[in-house]
Every structure is written in C-alpha cells, then in structure tokens.
Amino acid sequence: MIKPDVKPVPISSWREELRTAIRDPKTLSARLKLAPGQASSAAGSDFKLLVPEAFLARIHPRDPGDPLLLQVLPRQDEVGAQPPGFVTDPLGEHGASRVPGVLTKYHGRALLVTTSACAVHCRYCFRRHFPYASDNPRRDGWIRALDAIAADPSIGEVILSGGDPLMLDEADLGLLTRSLATIEHVKRLRIHTRLPVVIPHRVNPELIAWLRSIPLPVTLVMHINHPNEIDTDFAAACSRLRPHVQFMLNQAVLLAGVNDTVTILERLCLKLSDCGILPYYLHLLDHVAGTAHFLVEESRARILIETLRERLPGYLVPRLAREKPGAPAKHVLV
Ligand SMILES: *Cc1c(COP(=O)(O)O)cnc(C)c1O
Ligand code: SF4
C-alpha cells in the first residue's frame, strides 16, 4: 500500500503552482541539469512547454531519458518533416461538433470541451493542434452546449473534458453541473482529468465540496502513464476523492521510451490499484504531427498486453484501444 500523507491541504495553492510553473526550455534544462540542446526552443514555440513544480519534483535531474521528462520536454523530433500519416487532425475532430464544444461521436455519451487549458503540456497530446479558439464554448457558449445536450434524450452520460475540466474554478464547475443535473435524461457524469496527478493539491476542500454537490454518480478518469507519477501526495489526493465518486479509472497512452515495457506497465497497474484506480484504456498513439518518435507498433503493443495478462489479475489489465474516425466505438484490439 502507498501510505497517504495526512498534511493539511493549503486552499487554492494549486493556482499558485500554475502561476509559477516552468514555461521556458532554458529554465527546465537548468533546473534538471540537462546538457545543452536537449530541450528544443523551436519545438517549444509550436506547442508551449508547461510543467508545474509538483510534476518537476518527480523527474530525476541529469537523466535525459527520465520517463516523466520525456512526456513534457520539447524535442527537435517534433518539428520538421513528418512521417507519412502523421497529420494535425488524425481523428477528424476539428469542426466535427455540430455545436461548438460538444462531441457526440458515441451512442449515449456527449463529450463537453469545457476549457482548452491544461496544467501540463504533454508532448504526445492528440489535441496539440486542436483549434480551441474556434471550437471551445467557454462560459457564455456553455448555454448552447447545454441546450444541445438537453435536446437529445439519447445522451445518458456527459463527459467533462478539455483541455482539463479541473482547470475551471468551482464556481464555473458548479454552474455546469447544476445545469446538467436539471436535464432529466442525463444520469451519469464523467470527468476526464490529469490534474490530480499533475498537481495533487488541486484536490482541495473546495473541489471535494463541489463533487459532493453533484446529484449524479461521478466517474473520474485519470490520465497517468508511468508509475513514477504516483507519489504519496497523489495517493493522499485519491483517498480524499474516493468517498465522493462511483469509480476511479485510468487511461494511459503507450509511449516509446516512457512506458513500453511489461515491467513498467505492470508497476503502473499495481500502483494504480493501490490508489483505488482501475486501469481502463491503454491507448495506441494517435498519428498526430510532431509525435512520431513516441510510436509503438501495434504488434508489439499486443504482445505487451498479452504478457501483462499472464502477470496481473484480469481486472488490472487495461484494454488496448485505438480511436478510429467514424467508428461507433473506440476500437479495442485486446
Ligand atoms: C473517448 C470518447 C468517449 C468515451 O468513450 P468510452 O469508450 O465510453 O470511454 C466519448 N466521446 C468521445 C468524443 C470520445 O473521444
Ligand atoms: S493533459 Fe490531456 S489534453 Fe492536456 S496536454 Fe496532456 S494529454 Fe493533452
């Protein structure tokens, strides 16, 4: 078991952590004592570097191969010629929403893009080229998004996504969930977030009070790729969250050099289990321009999952999945 810390959580310290987050490749290199040239300022100008201190603290200095560093470090590989098939919008999402900010690709579920902001910029992100400025409802646009959900009785579950929905403050989150709760056919709420692991102090008393106010069952889907992301602060955040949610799940992305070995995936799944989180999806990389150096071939990915299945209880083995544009569900390979 990972023993949770019982330190009191300072209110709203996470805003301060965001304000002081590292946004400059030179500062990152200096702080982690990296050799010159490892952080690319060219790549960092395309999709900005963003790493809060709480995440930085889990990266080992002087190690250019650190699995957490690789997720946030702008690299030369991101810019320049792309392999065939690596494009800016592999999922055909840009402009796919009938109403800005609402994606209804799958039966019964509506995904709401609540904000474009995130607490960390993950270099492999499939949304790194997303035209948020034109396809992000923001606060005044939520009314149209909520109207669209209210008008479609087939929508039983609403997924708050982004960006990261927990970048919103509790006033905005409350506004959203109070409105959703008045829509009779909406029975379940899901939150897709990376914030509890990136800045565990985000799970503060205000956030818990908001969760408690939601009159719907809530599923929290975290995004954690490597066991080193899970520390005692995160374990403590999970124990604060657990009484107020129905399920806690995790989705990870399979990333070359980060988590593409059986040993690492096994440790990840076991540490998730210690925190009360079930592994849900292991996503194959979407073919997004600038991310080809993270690609793990499908055949190797299948072998990784099959080997994991020989080592772990069935409920701790994630589904290997790939998004297929136009398909009625995420494609589960194994
Ligand atoms: C991934 C996704 C969902 C959720 O799919 P599940 O298989 O239910 O987790 C819903 N809507 C969109 C647009 C998605 O990309
Ligand atoms: S937190 Fe999620 S949406 Fe934001 S950059 Fe990372 S992967 Fe992308």
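Here is a short report on the structure shown in this document. (Residues numbered from 1 in each chain as written. Chains lettered and ligands numbered in written order. Predicted model: local features only at pLDDT ≥ 70, side-chain atom pairs only at ≥ 80, totals over all residues. Heavy atoms only, no water.)

### Observations concerning the overall build of the protein
Across its full length, the protein carries 13 helices and nine strands. Relative to the globule expectation of 20 Å for 334 residues, the C-alpha radius of gyration of the protein, 19 Å, shows essentially globular dimensions. The buried share of the protein, reckoned over its 334 residues, is 55%. Residue pairs at least 24 apart in sequence account for 82% of intrachain contacts in the protein once pairs closer than 6 positions are excluded. Of the accessible surface of the protein, which amounts to about 14400 Å², a share of 55% is contributed by carbon and sulfur atoms. Averaged over its 40 positive side-chain charges, the protein has a centre that lies 1 Å from the centre of its 35 negative ones. (Helix = DSSP H or I, 4+ residues; strand = E, 2+ residues; numbered from the N terminus. Rg over C-alpha atoms; globule rule 2.2 N^0.38 Å. Buried < 20%, exposed > 50% of the residue type's maximum accessible area, 1.4 Å probe, protein only. Contact = heavy atoms within 4.5 Å. Areas by Shrake-Rupley, 256 points an atom, 1.4 Å probe, with all protein chains shown as cover. Lys, Arg positive; Asp, Glu negative; His and termini not counted. Charge placed at Lys NZ, Arg CZ, Asp CG, Glu CD.)

### Notes on the site of ligand 2
Close contacts around ligand 2 come from Cys118, Val120, Cys122, Cys125, Arg194 and His223, and that covers them all. Here the residues of the shell around ligand 2 are counted per class, giving four nonpolar, one polar and one charged. (Near = heavy atom within 4 Å. Nonpolar A, V, L, I, M, F, W, Y, C, P; charged D, E, K, R; others polar.)

### Remarks on the site of ligand 1
In the vicinity of ligand 1, the contacting residues are Leu103, Lys105, Tyr106, Arg109, Leu111, Ile159, Arg190, Tyr280, Tyr281, Glu323 and Lys330. In this structure, an oxygen atom belonging to ligand 1 sits 2.8 Å away from a side-chain N or O atom of Arg190. In the environment of ligand 1, an oxygen atom lies 2.6 Å from a nitrogen or oxygen atom belonging to the side chain of Tyr281. Listed by contribution, the elements that provide at least two residues to the shell around ligand 1 are strand E2 (109–113) and strand E7 (278–283). Among the residues forming the shell around ligand 1, the class breakdown is six nonpolar, no polar and five charged. (Polar contact = N/O pair within 3.5 Å; in protein donor to acceptor, adjacent residues only side chain to side chain.)

### Remarks on the packing of aromatic side chains
Each aromatic ring pair is described using two quantities: the centre-to-centre distance and the angle formed by the ring planes. Taken as a whole and assessed by the stated rule, the structure comprises two aromatic pairs. With centroids separated by 6.0 Å and ring planes inclined at 90°, the aromatic side chains of Tyr124 and Phe294 adopt a geometry described as edge-to-face. Here Tyr124, found in the loop between E2 and helix H6 (132–135), pairs with Phe294, found in the loop between E7 and helix H13 (298–311); they are 170 residues apart in sequence, far enough to count as distant. Here Tyr124 and Phe294 have matching classes, each one buried. In this structure, Arg75 is placed above the aromatic ring of Phe294, and the distance from its NZ or CZ to the ring centre is 5.4 Å. (Phe/Tyr/Trp six-rings, centres within 6.5 Å; stacked < 30°, edge-to-face > 60°. Lys NZ or Arg CZ within 6 Å of the ring centre and 35° of its normal.)

### Observations concerning the environment of Ser154
With respect to the secondary-structure elements, Ser154 resides in the loop between helix H7 (138–150) and strand E3 (157–161). Among the residues examined, Ser154 registers a relative accessible area of 35% and is labelled partly exposed. Along the backbone, Ser154 and Val203 are 49 residues apart, and their C-alpha atoms lie at a distance of 32 Å. Those residues in contact with Ser154 that lie beyond four places of it in its chain are His107 and Gly108.

### Some points on the pairing of strand E6 (residues 247–253)
Remark: a regular strand shows side chains that alternate across the two faces of the sheet. Within E6, six of the seven residues are buried, which leaves the element mostly enclosed by the surrounding structure. For the crossover from strand E5 (residues 218–223) across helix H11 (residues 232–241) to E6, the handedness is right-handed. Of the pairings in the sheet, the one linking E6 to E7 comprises five bridges and is parallel in character. Its bridge partner lying in E7, Gln251 is registered against Tyr281. Considered for its hand, the β-α-β crossover made up of E6, helix H12 (residues 262–274) and E7 is right-handed. (Right-handed = clockwise from strand over helix to strand, strands pointing away. Pairing = 2+ DSSP bridges.)

Taken by themselves, the reported measurements are silent on function.
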